[in-house]
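# Architecture at a glance
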Amino acid sequence: SVRLYRTFLTREVARTPRGYLSVPTRIVVGSGDPAIPAVLLEDAHRDADDVGVEIVADCGHFVPEERPELVAERARALFGLH
């Protein structure tokens, strides 16, 4: 699985055309994520009509595993299921 993941990152992502999101989008990333530093998300608003970025304190790369309640809460809010 690790090789498959690395292949995706090194071969597939590089071929993906840069696009623009027209659907509401939320990005939730951990403050301690070594793969996605917060600085990479500073211009996220340029790539979408409606984008929100949340940096979760004391969390790493796997936010859904580390903070599942928070991710579920944000998903419910996005889909209007409060």
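Refer to the structure above for everything that follows.
An account of the accompanying structure is given in this report. All values reported here derive from a predicted model rather than from experimental measurement.

### Comments concerning the pattern of salt bridges
- Enumeration according to the criterion identifies four salt bridges in this entry.
- In this structure, Asp43 engages Arg46 in a salt bridge whose closest nitrogen and oxygen atoms are separated by 3.9 Å.
- When its relative accessible area of 39% is taken as the criterion, Asp43 is described as partly exposed.
- Relative accessible area serves as the criterion here: at 57%, Arg46 is assigned to the exposed category.
- As a salt-bridge pair, Glu73 and Arg74 come within 2.7 Å of each other at their nearest N and O atoms.
- What makes Glu73 partly exposed here is its relative accessible area of 39%.
- Among the charged side chains, a network of salt bridges with common partners joins Glu54, Glu73 and Arg74.

### Re the environment of Leu21
- The topology assignment puts Leu21 in the loop between helix H1 (2–15) and strand E1 (25–30).
- Assessed through its relative accessible area of 40%, Leu21 is described here as partly exposed.
- Between the C-alpha atom of Leu21 and that of Asp47, which follows or precedes it by 26 residues, the distance is 6.1 Å.
- Discounting residues that sit within four places of it in the chain, Leu21 has contacts with Asp47, Ala48 and Asp49.

What counts, and where the lines are drawn
- Position labels on residues start from 1 in each chain and follow its written sequence.
- Reporting of local features is limited, given that this is a predicted model, to residues whose pLDDT is at least 70; pairs of side-chain atoms are given and counted only at 80 or more, and all residues count toward the totals for whole chains, interfaces and linings.
- Hydrogens and waters are ignored; side-chain quantities use all the structure's heavy atoms.
- Between Lys or Arg on one side and Asp or Glu on the other, a salt bridge is scored when a side-chain nitrogen of the former is within 4 Å of a carboxyl oxygen of the latter.
- Each residue is placed in one exposure class: buried if its accessible area under a 1.4 Å probe, protein chains only, is under 20% of its type's maximum, exposed if it is over 50%, and partly exposed if it falls in between.
- To qualify as a helix, a DSSP run of H or I must reach at least 4 residues; to qualify as a strand, a run of E must reach at least 2; elements of each kind are numbered from the N terminus.
- It only takes one pair of heavy atoms within 4.5 Å for two residues to be counted as in contact.

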